[in-house]
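# A look at the structure
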Number of protein chains: 2
Amino acid sequence: MILNKKIVIIGSTGSVGRQALDVIRDNPNDFEVVGLSAHQNQELLNSQIEEFTPKFGGTCDLEEVRKMVNSKETDIVFIGCRGTDFLPALIDAIKAGKKIAMANKEMIVENGEEIMKLIHEYDTEFIPVDSEHSAIFQCMQGHDKDDIEKIILTCSGGACRDKTAEELENVTVEVALSHPTWNMGKKITIDSATLMNKALEIIEAKYLFGLNAEQIEVLIHPQSIVHSMVQFKDGNMITHFGYPDMRIPIAYALYYPDIKDNKLPRVDLVDKKLEFYKPNIKNFPSIDFAYKALHQGPSTIKKLNQANDIAVKKFVDGEILFNEIFQYIERETF
Amino acid sequence: MILNKKIVIIGSTGSVGRQALDVIRDNPNDFEVVGLSAHQNQELLNSQIEEFTPKFGGTCDLEEVRKMVNSKETDIVFIGCRGTDFLPALIDAIKAGKKIAMANKEMIVENGEEIMKLIHEYDTEFIPVDSEHSAIFQCMQGHDKDDIEKIILTCSGGACRDKTAEELENVTVEVALSHPTWNMGKKITIDSATLMNKALEIIEAKYLFGLNAEQIEVLIHPQSIVHSMVQFKDGNMITHFGYPDMRIPIAYALYYPDIKDNKLPRVDLVDKKLEFYKPNIKNFPSIDFAYKALHQGPSTIKKLNQANDIAVKKFVDGEILFNEIFQYIERETF
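Residues numbered from 1 in each chain as written. Chains lettered and ligands numbered in written order. Predicted model: local features only at pLDDT ≥ 70, side-chain atom pairs only at ≥ 80, totals over all residues. Heavy atoms only, no water.

## Some details on helix H11 (residues 247–255) of chain B
Condition: Throughout this description, buried means an accessible area under 20% of the type-specific maximum (1.4 Å probe, protein chains only), exposed means over 50%, and partly exposed covers the range between. In this text, helices come from DSSP runs of H or I with a minimum length of four residues, and strands from runs of E with a minimum of two, each type numbered from the N-terminal end.
Of all nine residues making up H11(B), eight are buried, and the element is well covered by its neighbours. Buried residues of H11(B): Ile248(B), Pro249(B), Ile250(B), Ala251(B), Tyr252(B), Ala253(B), Leu254(B) and Tyr255(B), and no others.

So, in structure tokens, the structure goes:
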């Protein structure tokens, strides 16, 4: 099988964008990079342009990106950027019927209803890249959404999983950035430490899979092997295991609906223990923030996401303590 | 949804047959029992006939059973009997295009090639009921067999899991019958204790899913929550969790491709540990017997199954010790 698909990568210098290029580099016959977009690391973007020689070059300009996306030549649009600035490019991709590999959280969180409505209207292939949502997407293959009783999003627990309320006050940026299992970007690693990452994923899952908030649960699973689970209304659960390496869900999304063999690491379960706990909502109220925001509706959800963005910045800049992130978010959102 | 399907149960007084009738009893609008067959417990058969008033009554005669199966009225044939005596009735059901819920191991083990050839020829719906094979079947929904890298059959380890070689010599019938998680028939519980059950399941899986022996692994998983796993060639694993209650895979098979809600127990993962170990082949050589028999072909496989049947009988009758089951099987098979 040679796929021969032309791809645009939005956010090519971020963690997930770089890993998408790793997958493409390993499969030069299947993908041709026709456009790159990034704005935080011009030096890396230049070296990516040199390596992949995209026809449309590299840019951080939204209008230039929209041109790449809308080009007849483009088959796949990989959305690896953070934030909502490039939402118009996503909407273009949906309307143009491009296959979309979606690694951006904020657009779904803030504009989920609008995006999913368009996806259904244009019948667009829209494959989540985030490991939990990729897992749910995979578990639902061959199944009907209406047969779902609930889904369980697993959560590593982040760098501060085992800390007491007192210890949380003194968590430094360095500690919050030391994620136990995943190798990810800075913002998302802090979000993992606060469980705000999981809160945003609850909201994402609601939109992506058309579920009620009550159908979405979270379990702490420190080993990050079970990526998520779908329980059907007859009690059977289809679950997803994977080695915690983002290149695996990225490759899944790029090849979907095909499956391409690869040399990426495999799960080894021998002598392993997989553990599951309820999240500690008292120390990490983020999960509750998600449910509360979902019940209040889109404008509260937007406030929640934006308050978190600012709180993380304040924490990284040393303006607030780790546990003050929660206080800031709660005060600004509800 | 009212299914309104007419069903014949072959082996209605055995463990799995009784549990199929439990599911039917709970869903009287969906199923009508039109025929029952059993031969080991006439008293129970009589009370089942009184309760379900099947049109064709109850019988243990093969020709009578074949008439029930071939009747135009029959929609579903549930094969819950042990042994291969009723193979002609299974073949009738396949050729008549009935939906088949298959809980019999021996027919697949001894006649897998012939059965699967007919199933493909007649394009028959053939749904495994055995929890591991139901799990694999469920994990493969929406996926292509050719994308499978390997499957892992999980195994509780049976009643003698933690015993040393010395302790195995002294295992009594009572101990071998005390299965830690599943409530099953006598023969299959002894087979669980020797891991011969898993050996037969390896052979079943090879035929049911058209795999090579090398693609089938076994892991001991004492909690019996993960029922089996499918690893695809891109490293993603789709796995199945379920509460260890045979009524769940039975209901799945009866309703397939629909999913019907039920009040059967659900998996609760909170504060659970799921463990996985390699089987101890030295103490339990059964797994190796399966691979060896698969490499030697159908006549050895038949000998393996039949030698095990006799060995279990000898053990239950007090003629041989527990660990002599392995010696007997090896001597008679290879």
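Here the narrative resumes.
## Regarding the domain arrangement of chain A
All names here are of chain A. The line we're drawing: What fixes the domain bounds is an automatic or database domain assignment. The contact definition used throughout considers only heavy atoms, calling two residues in contact when any of these lie within 4.5 Å. By buried area we mean the combined loss of accessible area, with a 1.4 Å probe, across both parts when two parts are placed together. Criterion for a salt bridge: a side-chain nitrogen of Lys or Arg within 4 Å of a carboxyl oxygen of Asp or Glu. Two N or O atoms form a polar contact when they lie within 3.5 Å of each other; inside protein one atom must be a possible hydrogen donor and the other a possible acceptor, and for residues adjacent in sequence the pair counts only when both atoms belong to side chains. Note that Gly is not counted as nonpolar here; it falls among the polar residues with everything else outside the nonpolar set of Ala, Val, Leu, Ile, Met, Phe, Trp, Tyr, Cys and Pro and the charged set of Asp, Glu, Lys and Arg.
Each assigned domain of chain A is listed here: domain 1 (5–129) and domain 2 (143–238 + 271–333). Each of domain 1 and domain 2 has a C-alpha centre, and the two are 25 Å apart. Across the contact, 15 residues belong to domain 1 and 19 residues belong to domain 2. Roughly 1400 Å² of surface becomes buried between domain 1 and domain 2 when both sides are summed, with 62% attributable to carbon and sulfur atoms. It is Lys-105, Val-109 and Glu-110 in domain 1 that bury the most area against domain 2; as a group they hold 46% of the surface buried on that side. Here domain 1 and domain 2 share two salt bridges between them. Its salt-bridge partner being Lys-105, residue Glu-201 comes within 3.4 Å of it at the nearest N-O pair. The interface formed by domain 1 and domain 2 holds four residue pairs in polar contact (both at pLDDT 80 or more) in total. Elements that contribute at least two residues to the side of domain 1 that touches domain 2 include exactly helix H1 (15–26), helix H5 (106–122) and strand S6 (126–128). The biggest single contributor to the side of domain 1 that touches domain 2 is H5, with eight residues. Across the side of domain 1 that touches domain 2, the residue classes tally to five nonpolar, five polar and five charged.

## Considerations on the interface of chain B and chain A
How we decide: Any two strands are treated as partners once DSSP identifies two or more bridges connecting them.
If you look at the interface, chain B gives 39 residues, while chain A gives 39 residues. Contact between chain B and chain A buries roughly 3700 Å² in total, counting both sides, with carbon and sulfur atoms accounting for 58%. With its nearest N and O atoms 2.8 Å apart, the salt bridge here joins Arg266(A) to Glu149(B). Connecting chain B to chain A are 20 residue pairs in polar contact (both at pLDDT 80 or more). Listing elements by their share of the side of chain B that touches chain A, those giving two or more residues are helix H6 (131–139), strand S9 (226–232), strand S10 (237–241), H11 and strand S11 (273–275) of chain B. When residues of the side of chain B that touches chain A are assigned to their parent elements, the largest contribution, five residues, is made by S10(B). Split by residue class, the side of chain B that touches chain A holds 17 nonpolar, 10 polar and 12 charged. Pairing of strand S10 (residues 237–241) of chain A with S10(B) involves five bridges; the strand directions are antiparallel. In the sheet register, Phe241(A) faces S10(B), and the bridge partner there is Met237(B).

## A word on the packing of aromatic side chains
Residue and element names in this part refer to chain A. As a reminder of what qualifies: Side-chain rings of Phe, Tyr and Trp (the six-membered ring for Trp) are treated as a pair once their centres are within 6.5 Å; stacked means planes under 30 degrees apart, edge-to-face means over 60, and tilted covers the remaining angles. We count a charge as sitting over a ring when the NZ of a lysine or the CZ of an arginine lies within 6 Å of the ring centre and within 35 degrees of the ring normal.
Applying the stated criterion to the full structure yields 17 aromatic pairs over all chains. Each ring, one from Phe-289 and one from Phe-334, has its centre 5.7 Å from the other, and the planes form 50 degrees; the classification is tilted. One end of the pair, Phe-289, is in helix H12 (residues 286–296); the other, Phe-334, is in the segment after helix H14 (324–333), and 45 residues separate them in sequence. Residue classification places Phe-289 among the buried positions, given a relative accessible area of 3%. The structure contains a cluster of three or more aromatic residues connected by ring pairs, namely Phe-284, Phe-315, Phe-322 and Phe-326. Taking the ring centre of Phe-334 as reference, the NZ or CZ of Lys-292 above it sits at 4.4 Å.

## Digging into the environment of Ile152(A)
All names here are of chain A. Structurally, Ile-152 can be placed in strand S7 (residues 148–155). Expressed as a C-alpha distance, the spacing of Ile-152 and Ile-202, which sit 50 residues apart in the sequence, is 9.5 Å. With sequence-adjacent residues up to four places away left out, Ile-152 is seen in contact with Ile-136, Glu-217, Leu-219, Ser-228, Met-229 and Met-237.

## Overview of the sheet that holds S6(A)
What links the strands of a sheet is backbone hydrogen bonding, and the strands pair in either a parallel or an antiparallel sense. Residues and elements named next belong to chain A. For clarity, the threshold we go by: Lines fitted to the C-alpha atoms define the axes, with helices restricted to the stretch that makes contact. Angles between their N-to-C directions range from 0 to 180 degrees.
Pairing is parallel across the open sheet formed by six strands, whose spatial order is S3-S2-S1-S4-S5-S6. Bordering the open sheet on either side are strand S3 (58–59) and S6, each of which pairs with just one other strand. Judged from the six bridges that link them, strand S1 (residues 5–10) and strand S2 (residues 31–37) form a sheet pairing that is parallel. Counterpart to Lys-6 in the pairing with S2 is Glu-32. In this fold helix H2 (residues 42–52) packs onto S2 and S3, with an angle of close to 155 degrees to the strand it touches most, S2.

## Some details on the side chain of Asn323(A)
Mapped onto the elements, Asn323(A) comes out in the loop between helix H13 (298–316) and H14. Not counting the four nearest positions on each side in its chain, Asn323(A) is found in contact with Leu168(A) and Glu169(A).

## Describing the sheet that holds strand S2 (residues 31–37) of chain B
All names here are of chain B. The strand order S3-S2-S1-S4-S5-S6 describes an open sheet built from six strands, whose pairing is parallel. Both edges of this open sheet fall to strand S3 (58–59) and strand S6 (126–128), since each of them pairs with a single strand only. Examined bridge by bridge, strand S1 (residues 5–10) and strand S4 (residues 76–79) share four bridges and lie parallel to one another. If you follow Ile-7 over to S4, its bridge partner there is Ile-76. On top of the sheet, helix H2 (residues 42–52) reaches S2 and S3; it is set at about 155 degrees to S2, its chief contact. With respect to the sheet, helix H4 (residues 87–95) is in contact with S1, S4, strand S5 (99–102) and S6, its orientation differing from that of S5 by roughly 145 degrees.

## Focus on the state of the cysteines
The criterion, for reference: A pair of sulfur atoms, both from cysteines and within 2.5 Å, is called a disulfide here.
Per the counting criterion, the structure on display carries zero disulfides over all chains. A disulfide-free cysteine, Cys139(B) has its sulfur positioned 8.3 Å from the sulfur of Cys139(A), the nearest such atom.

## Quick look at the pairing of S10(A)
Residues and elements named next belong to chain A. Of all five residues that make up S10, five are buried, and the element is covered over most of its length. Residues Met-237, Thr-239 and Phe-241 line one face of S10 and the alternating positions Ile-238 and His-240 line the opposite face, and both faces are buried. By the bridge criterion, five bridges tie strand S9 (residues 226–232) to S10 in an arrangement that is antiparallel. Following the sheet pairing, Ser-228 is matched in S10 by His-240.

## Brief notes about the pattern of salt bridges
Residue and element names in this part refer to chain A. Taken as a whole and judged by the stated rule, the model has 48 salt bridges over all chains. A salt bridge links Arg-82 to Glu-106; the nearest nitrogen and oxygen atoms lie 2.6 Å apart. One end of the pair, Arg-82, is in the loop between strand S4 (76–79) and helix H4 (87–95); the other, Glu-106, is in helix H5, with 24 residues separating them in the sequence. Among the residues examined, Arg-82 registers a relative accessible area of 47% and is labelled partly exposed. A salt bridge links Lys-105 to Glu-204, with the shortest nitrogen-to-oxygen separation between them at 3.8 Å. Of this pair, Lys-105 sits in the loop between strand S5 (99–102) and H5 while Glu-204 sits in helix H10 (residues 196–209), placing them 99 residues apart in sequence.

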